[in-house]
Amino acid sequence: MGGPRLLLRRLRAVMAEQVDPQTRLDRIVVLIASNMIAEVCSIYLQRDDGILELYATEGLNPDAVHETLMRPDEGLVGLIATTAEPLALADAQAHPAFSYKPETGEEIYHSFLGVPVLRGGNVLGVLVVQNRARRVYTEEEIEALQTTAMLLAEMVAGGALQALARPGVKSALTRHLELRGSPAAEGVGLGHAVLHQPRIQITKLISDDPGAETTRLEVALEGMREELDRLIDQASASGEQRDVLETFQMMAHDAGWLRRLKEAIRSGLTAEAAVERVQNDARARLQRQTDPYLRERLHDLQDLADRLLHKLTGTVLTNARQQLPENAILVARTMGPAALLGYERAHLRGLVLEEGGASSHVAIVARAMGIACVGDIANITDLVADGDAMIIDGGTGEVQVRPSANIEAAYVERVRMRARRQEQYRSLRARAACSLDGVTVDLSMNAGLMLDLPQVAESGASSIGLFRTELQFMLAPQFPRLGEQYSFYKAVLEAVPDRPVTFRTLDIGSDKVLPYMKKIEEENPALGWRALRIGLDRPGFLRPQLRALLRAGAGRDMRIMFPMVATVTELVEARAALAQEQQHLKRHGHDLPRGLAVGVMLEVPSLVWQLEELCPLVDFISIGSNDLAQYVFAADRDNKRVSGRYDPLSAPFLRLITQIAAIADRHGTPLTLCGEMGGRTLDAMALVACGLRGLSMSPAAIGPVKAMILAMDVGKTRAFLEQAMDQQGDGRSLRQGLREFATGLGVPL
Ligand code: PEP
Ligand code: MG
């Protein structure tokens, strides 16, 4: 064999020739076949409909070119396209996936070597060599073929081969992908992909001087290692960031990785093309890897390769591009909330993340900014390129990549419908949510960021029923001091001067971690040290917050609520801390709130059997149905395996709500509910029927819930539900029956 470098040099010469694209491909297959001493070399390219079409061959029947078509689930070629992995076989016909295409005349060839033509995470085709004899292909030959496939990928991406396609058929590069992830922030966004960390474009792939390229690689590696050392020195002595950097540093010295890079250079690639080549393999492995630990390591390897590419090409590694084109759909593996806030809101239409669902911090910020967001889309940063058309629906979790005109039209219609509905909701803004039979329900909103506050007026919320104070703590680089907390609460109150705000004290622990706080390993964090439990055990957290809240509320009405209360005793202790802070402020001559309402969240079932004792001690109760349902059904709210198993719209949960509402009503204690259920129209309908007269929800839900209440009859719904609970008291979901009942009466859901 002529050696990979010779092959690449000849290929480069063919690339430079002034010939039509088919002749160029024909010459390429001849070159590869002769260089690898193979009887056959064929190029299959994948079309946008997934079909693999034979584009050129040396050795097979030339009439089969553009005639032989394979589905991606067909034959060895299909297998390579689907797995994105090379395949080398001494006896191809013995392989279960072998599929015989009579028009090609390939039955006489026994050994087979095929590699995918890759660009990013997309398979653009398959390159194959075949031999009559049963032979074993060497590692070096596999590598050489992979390197050649890179050149082909560039030809496809550059559009040079489009002229050979049948009319209307496009390359897999423009293939439409329909993906589904976790809905993370409502809204439909149409636009074009912008990679949060843009991929580096490599312009020069082939080099004649491996010595010089190896030196370039070594210089870049050295520079990268020094940079990592510097970063490790700067990082705090412990912590996750340092762990990550140290892992990088270890990988940067990994002998296997370095050997693969140098081999790729020796085969005739430039240093940056070698990095890309080695990264292609890692990417293909990543796509199949399900073990979260190994996925993490492969991600680290990609980060490292990115750093190296930046060094080699002299581009600067930035975390975020502030300049956005219009209608940008941001695509990122992960993103911190601060990075999202750094982008220009006016140009953002959506955010797609590989990792992180609805409860991730960045999703919370996306919701507050009113940007559609979908999480948990595996490999999306590899599947799209900057500028690809994209559509996302943050309500359903759908992501369309390079959609057809039909699909786009359907979404445009969806957007139009949404806008029309929003218009209707806006017209209801000043109206009370009063049912057909005269029951009024107070609708308030949940908030946690300054960004949320303009929504109070826009949504028509009567108040802020839940202000999650932990968000300020979660977004801050370090624990906010008393002064910072005070300024923040004061700014919140000033932004909403005419409506009550219910501040919930710090609710951390379980899934809400503070990055700067030492992580405590617990077997069952949801049942562990969290929220008020921390506050009572560590007055250093709770007391400054209470003081900051009381000072911020000076001269006006203030509402404070404690989360995760399990016993009346805990409430009594929390109230005592509050009273001490009031005394302290009074002693020091500070103004106090005009009125102070103190409430608890009902999230722990034990509190249900203390309501008789609790009601006289509080000014209000708010049901945290997210946590209450998780404890009632013993099913982790964030664990996908169990979270869909039990429906709160079933007899056990609704009976519980009815019971709580009846006791609170008897005591005259105001009762609301501020979990996600309250914002879902059908669930809200059931809750009102069970006796709730106040619901707090995300601002986007207020319009739909109000429209529902205006059309419902509370008496009739209650009668229906009571009967349904009697008949189906076994825990079965009542959702379908209730939905049919509602739509039968024309209640909009
Ligand atoms: C709840 O548990 O229902 C709630 C509103 O609190 P969070 O979702 O913040 O835990
Ligand atoms: Mg909760």
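The paragraphs below set out a description of the structure included in this document. Please read all numbers here as calculations on a predicted model, not as lab measurements. (Residues numbered from 1 in each chain as written. Chains lettered and ligands numbered in written order. Predicted model: local features only at pLDDT ≥ 70, side-chain atom pairs only at ≥ 80, totals over all residues. Heavy atoms only, no water.)

Digging into the overall build of the protein
Part 1: Counting its regular elements, the protein contains 27 helices and 23 strands.
Part 2: Out of the 749 residues belonging to the protein, those deemed buried represent 53%.
Part 3: Sequence-distant contacts, at least 24 apart, represent 66% of the contacts inside the protein between residues at least 6 apart.
Part 4: Total accessible area on the protein is roughly 32500 Å²; 51% of this is exposed by carbon and sulfur atoms. (Helix = DSSP H or I, 4+ residues; strand = E, 2+ residues; numbered from the N terminus. Buried < 20%, exposed > 50% of the residue type's maximum accessible area, 1.4 Å probe, protein only. Contact = heavy atoms within 4.5 Å. Areas by Shrake-Rupley, 256 points an atom, 1.4 Å probe, with all protein chains shown as cover.)

Comments concerning the packing of aromatic side chains
Part 1: Tallying each qualifying case throughout the model produces 10 aromatic pairs.
Part 2: Plain terms: the ring middles of Phe633 and Tyr646 are 5.2 Å apart, the flat faces sit at 5° to each other, and that makes the pair stacked. Placement of the pair is Phe633 in the loop between helix H21 (625-632) and helix H22 (640-643) and Tyr646 in the loop between H22 and helix H23 (651-667), with a sequence separation of 13 residues.
Part 3: Residue class for Phe633 comes out buried when judged on its relative accessible area of 16%.
Part 4: Tyr646 sits in the partly exposed class, given a relative accessible area of 35%. (Phe/Tyr/Trp six-rings, centres within 6.5 Å; stacked < 30°, edge-to-face > 60°.)

Considering the site of ligand 1
Part 1: In the vicinity of ligand 1 there are 14 residues, among which Arg468, Arg504, Lys512, Asn626 and Arg637 approach most closely.
Part 2: Arg637 is positioned such that a nitrogen or oxygen atom in its side chain is 2.8 Å from an oxygen atom of ligand 1.
Part 3: About the coverage of ligand 1: the protein hides 99% of its 280 Å² of free accessible area.
Part 4: Counting residues per element, the ones that place at least two in the shell around ligand 1 are strand E17 (464-468) and H21. (Near = heavy atom within 4 Å. Polar contact = N/O pair within 3.5 Å; in protein donor to acceptor, adjacent residues only side chain to side chain.)

Some points on helix H7 (residues 255-266)
Part 1: Along its 12 residues, H7 runs 16 Å from first to last C-alpha, staying within 8% of the 16 Å computed at 1.5 Å per residue.
Part 2: For H7, every residue scored as buried is listed here: Trp257, Leu258, Leu261, Ala264 and Ile265. For H7, the buried positions fall inside an angular range of 125° around the axis, keeping them on one side. Exposed positions of H7 whose direction lies more than 90 degrees from the buried face are Ala255 and Arg266.
Part 3: At the exit of H7 stands Gly268, carrying a positive phi of roughly 115°. (Expected span 1.5 Å × (residues − 1). Arc of directions from axis to C-beta.)

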